[in-house]
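Okay, here's what each chain looks like letter by letter:
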Amino acid sequence: RSVASILAAFRPDVKAYLQRNNLVMPTVQMVFRRGQTSISSDGAYLSGAAHPAIFDGRKINLLEMIGRANQLNSEDVPPMVRLEVLRESASQPGIGHFGPGTEKLFDTPSAIARIFRSAGYERKMTISAAQTVDPNGRKLTFHWVVLTGDARRISIKPQNDDRSIVDLTVPWHERSNVPGRPDLFTSRVDIGVFAHNGVHYSAPAFISFYFPANQWREYDADGRIRFIDYHASKYAKRYADPALFPLRDWNDRYDYDQDGRLTGWARERAGGTSRFSRHGGRVIETDDRGRPLRAIVVRYRLKTGVGGLRHVVEQPTGQVLNYTYADTDDYLGSLAEGD
């Protein structure tokens, strides 16, 4: 009803202008979000309180929304933000994460979504909003705001004067409270991108990261992964979308050499423990110091189990990795030529 009222409140010339420029719904979004009862300033609009995943109907100020829509002038209409990923860090299957697929969920002009599958502590992205064009040719400035997540730990570094391009670093996040709702929890980090044309802020575009709430992870002070329990009993009641995070029946403990370089990991499950080399091969032979000599390359596939739930299972490929070591102090090792 509020959306219909906003559409009806646009003056005919403004509505025609919005239609010609494909800005009807972005402008409705801006008016709707700015017209909530608790959003009384631009500062409040540039916060997580104005942009929840689910809107509370009790916070709709219909008269405010109608008034804002009716007072809008064609020459003041803000643009729709258009995002583009210029580059980003990638996780290596079989080493960084275990299972088919990547961490990319989708890219659209107004929403970018990533799944935090890798064992790595942080994700890095360079994102551009430079394709955003004001319909009236006004100069734009851009505002990148942490809407959900720990803003103290998230790095957003502008790369140019108008802030249309930024370097973004998002570290591992535990489940946290939804802004303004201490009774609700979220496993997402959401970053809003707003364009300001000197009169109005646009509706936000979003960059979202989804974290597995049911995993227990330990990182050291340098951000190296030490332990992941993929089926932690302490988090058994926490929900994680099984389509994005298929079930695993193990935990992994990671090992490093004296220089902090990954040497492999131990995989523990109910049936016992197996070791993996730093290249993701399952170790089948070690030397007298416990260093891998031979390892079988493993791939991961999905298997449907009881109740239709998907499980990640290991699938040996038959390809063998052979390791050699320079001396007794070398715990990193080198692959034999041809491996």
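We now turn to the structure provided with this report. (Residues numbered from 1 in each chain as written. Predicted model: local features only at pLDDT ≥ 70, side-chain atom pairs only at ≥ 80, totals over all residues. Heavy atoms only, no water.)

**Description of the side chain of Asp287**
Among the secondary structure elements, Asp287 is positioned in the loop between β17 (281-286) and β18 (292-304). Separated by 2.7 Å, the side chains of Asp287 and Arg291 make a polar contact. Contact partners of Asp287, with chain neighbours within four places excluded, come to Leu293 and Tyr325. (Helix = DSSP H or I, 4+ residues; strand = E, 2+ residues; numbered from the N terminus. Polar contact = N/O pair within 3.5 Å; in protein donor to acceptor, adjacent residues only side chain to side chain. Contact = heavy atoms within 4.5 Å.)

**Points about the packing of aromatic side chains**
Applying the stated criterion across every chain, the model contains 17 aromatic pairs. On the basis of an interplanar angle of 50 degrees and a centroid distance of 5.4 Å, the ring pair of Tyr210 and Phe245 is categorised as tilted. Of this pair, Tyr210 sits in strand β11 (residues 205-210) while Phe245 sits in the loop between β13 (225-229) and β14 (251-256), and the two are 35 residues apart along the sequence. Comparing Tyr210 with Phe245, the two get one shared label, buried. With centroids separated by 5.6 Å and ring planes inclined at 45 degrees, the aromatic side chains of Tyr254 and Trp265 adopt a geometry described as tilted. (Phe/Tyr/Trp six-rings, centres within 6.5 Å; stacked < 30°, edge-to-face > 60°. Buried < 20%, exposed > 50% of the residue type's maximum accessible area, 1.4 Å probe, protein only.)

**Thoughts on helix α1 (residues 2-9)**
Taken as a whole, α1 has its buried residues at Ser2, Ser5, Ile6 and Ala9. Around the axis of α1, the buried residues are gathered within 100 degrees of arc, so they sit on the same side. Tucked inside the fold, the buried residues of α1 contact α3 (24-34) and α5 (62-71). (Arc of directions from axis to C-beta.)

**Quick look at the environment of Leu83**
Residue placement: Leu83 occurs in the loop between α5 and β1 (84-88). On a C-alpha basis, the gap between Leu83 and Ala129 in space is 4.6 Å, while along the polypeptide they are 46 residues apart. Excluding residues within four positions of it along the chain, Leu83 makes contact with Thr108, Pro109, Ile112, Ile127, Ser128, Ala129, Trp144, Val193, Ala205, Phe206 and Ile207.

**Some remarks on the sheet that holds strand β3 (residues 111-115)**
Taken together, the five strands give an open sheet; going across it, the order is β2-β3-β11-β10-β5, and neighbouring strands pair in mixed fashion. Here the strands that pair on one side only, and so sit at the sheet edges, are β2 (104-107) and β5 (141-148). Neighbour-to-neighbour, the strand axes of this sheet turn through a mean angle of 10 degrees, independent of strand direction. Summarising the sheet, β5 and strand β10 (residues 188-196) pair through seven bridges and their orientation is antiparallel. For Val145, the partnering residue across the bridge sits in β10 and is Gly192. (Pairing = 2+ DSSP bridges. Axes fitted to C-alpha atoms, helices over the stretch in contact; angles between N-to-C directions.)

**Considerations on unusual backbone geometry**
Of note, the phi angle at Asn22 is positive, near 55 degrees, even though the residue is not glycine. Mapped onto the secondary structure, Asn22 falls in the loop between α2 (12-20) and α3. Of note, Arg163 is a non-glycine position whose phi angle comes to about 65 degrees, a positive value. Here Arg163 is to be found in the loop between β6 (155-158) and β7 (165-171). On the accessibility criterion, Arg163 (32% relative accessible area) is partly exposed.

**Quick look at the pairing of strand β12 (residues 216-219)**
Successive side chains on a regular strand alternate, one facing one side of the sheet and the next facing the other. Side chains of β12 alternate between two faces, with Arg217 and Tyr219 buried and Trp216 and Glu218 left unburied. The pairing of β12 with β13 spans four bridges and is antiparallel. The residue of β13 that forms the bridge with Tyr219 is Ile225. What sits between β12 and β13 in their antiparallel hairpin is a turn of five residues, with Gly223 showing a positive phi close to 80 degrees.

**Examining the side chain of Asn251**
Relative to the elements of secondary structure, Asn251 occurs in strand β14. Residue Asn251 is classed as buried on the basis of its relative accessible area of 12%. With residues near it in sequence (within four places) discarded, Asn251 still touches Phe227, Ile228, Asp229, Tyr230, Ala266, Arg267 and Glu268.

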